[in-house]
Amino acid sequence: MTPPTKTELRADVIRARRAVPDDLRDSEAQALCHWLPSLVCGGQTVCAYVPVGSEPGSRMLLDTLAELGVRVLLPVARKDGDGRPMPMQWGPYEAGTLVAGEFGLREPPAPWLPPGHIADAELVLVPALAVDRKGNRLGRGAGFYDRSLIYAARHTRLVAVVRDDELVDDLPADPHDVRMTHALTPSGGIVTLRR
């Protein structure tokens, strides 16, 4: 039997996420926040994201990071004149200041920091549809994160944020895919991946 393609896996995960009841999604978001004090300390920089649709996480996660004294940077995704994804810029998170961005995202208002500022981060929380135990991440396929994570410092922890059942044994991967160092799940907390 042929293993499923990335496109098929994406469709399966998105369908499963949409079926998750709101109360379970909320409790998982709270559980993710519970693990943050063990991951970060005040004065650090963390790149995070604003969840879209059924993605794990919440604005509460961003606020919890800020309450822990962390400088939170959020991505700003844009395409070039030919329609190709560019490395993401970063904007500081301040509660209540997010604006509508491209692709239906919420983002900090301009001015933004250049892509290389991801190197300031001790930790990058990366949205993922799934991640395997070798660090292969299944994203939405646009390529913004793979073009951006290459600028992260070698010591930076790259953490795929997924639901418990989205940490799997094996996923298809391409040579350009940037591997994750860790996964963050509601029940399991931080899980070290074999890169």
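One numbering rule holds for all chains: residues counted from 1, following each sequence as written. The predicted nature of this model means local features are confined to residues of pLDDT at least 70 and side-chain atom pairs, given and counted, to a pLDDT of 80 or more, with totals for whole chains, interfaces and linings taken over all residues. Heavy atoms from the whole structure form the basis of all side-chain values; hydrogens and water molecules are not counted.

As recorded in an unreviewed UniProt entry, the protein goes by 5-formyltetrahydrofolate cyclo-ligase and comes from Mycobacterium syngnathidarum. UniProt positions are given in the numbering used here, feature names are shortened, and annotations may be inferred rather than shown by experiment. As recorded by UniProt, the Catalytic activity (unreviewed entry) comment attached to the protein reads in full: "(6S)-5-formyl-5,6,7,8-tetrahydrofolate + ATP = (6R)-5,10-methenyltetrahydrofolate + ADP + phosphate". The UniProt entry for the protein carries this comment under Cofactor (unreviewed entry): "Mg(2+)".

Asks: What is the right way to look at the overall build of the protein in this model?
Replies: Secondary structure is summarised from DSSP: a helix means a run of H or I of at least four residues, a strand means a run of E of at least two, and numbering begins at the N terminus for each. Looking only at helices and strands, the protein has four helices and 12 strands in total. Each radius of gyration is computed over the set of C-alpha atoms, and the globule rule expresses the reference value as 2.2 Å times the number of residues to the power 0.38. Rg of the C-alpha trace for the protein: 16 Å, near the compact-globule value of 16 Å for 195 residues, within the 12% margin. When accessible area is computed with a 1.4 Å probe and restricted to protein chains, residues below 20% of their type maximum are described as buried, those above 50% as exposed, and intermediate ones as partly exposed. Out of the 195 residues in the protein, the part that is buried amounts to 48%. Should any heavy atoms of two residues lie within 4.5 Å, those residues are considered in contact. Contacts in the protein between residues at least 24 apart in sequence constitute 70% of all its contacts with a sequence separation of at least 6. Each accessible area is a Shrake-Rupley result for a 1.4 Å probe, and residues are judged covered by the shown protein chains and nothing else. Looking at the protein as shown, the accessible area adds up to about 9,600 Å², and 53% of this sits on carbon and sulfur atoms. Under the convention used here, Asp and Glu are negative, Lys and Arg are positive, and both His and the chain ends fall outside the count. By convention, the point assigned to a charge is CZ for Arg, NZ for Lys, CD for Glu and CG for Asp. If you average the places of the 23 positive and of the 25 negative side-chain charges in the protein, the two averages end up 4 Å apart.

Asks: Mind showing me how you'd approach the environment of P75 here?
Replies: Residue placement: P75 occurs in strand β2 (residues 71–76). Residue classification places P75 among the buried positions, given a relative accessible area of 14%. Sequence-wise, P75 and Y93 are 18 residues apart; in three dimensions their C-alpha atoms are separated by 9.8 Å. Residues within four places of P75 in sequence aside, it is in contact with A48, Y49, M88, Q89, W90, E107, P108 and Y145.

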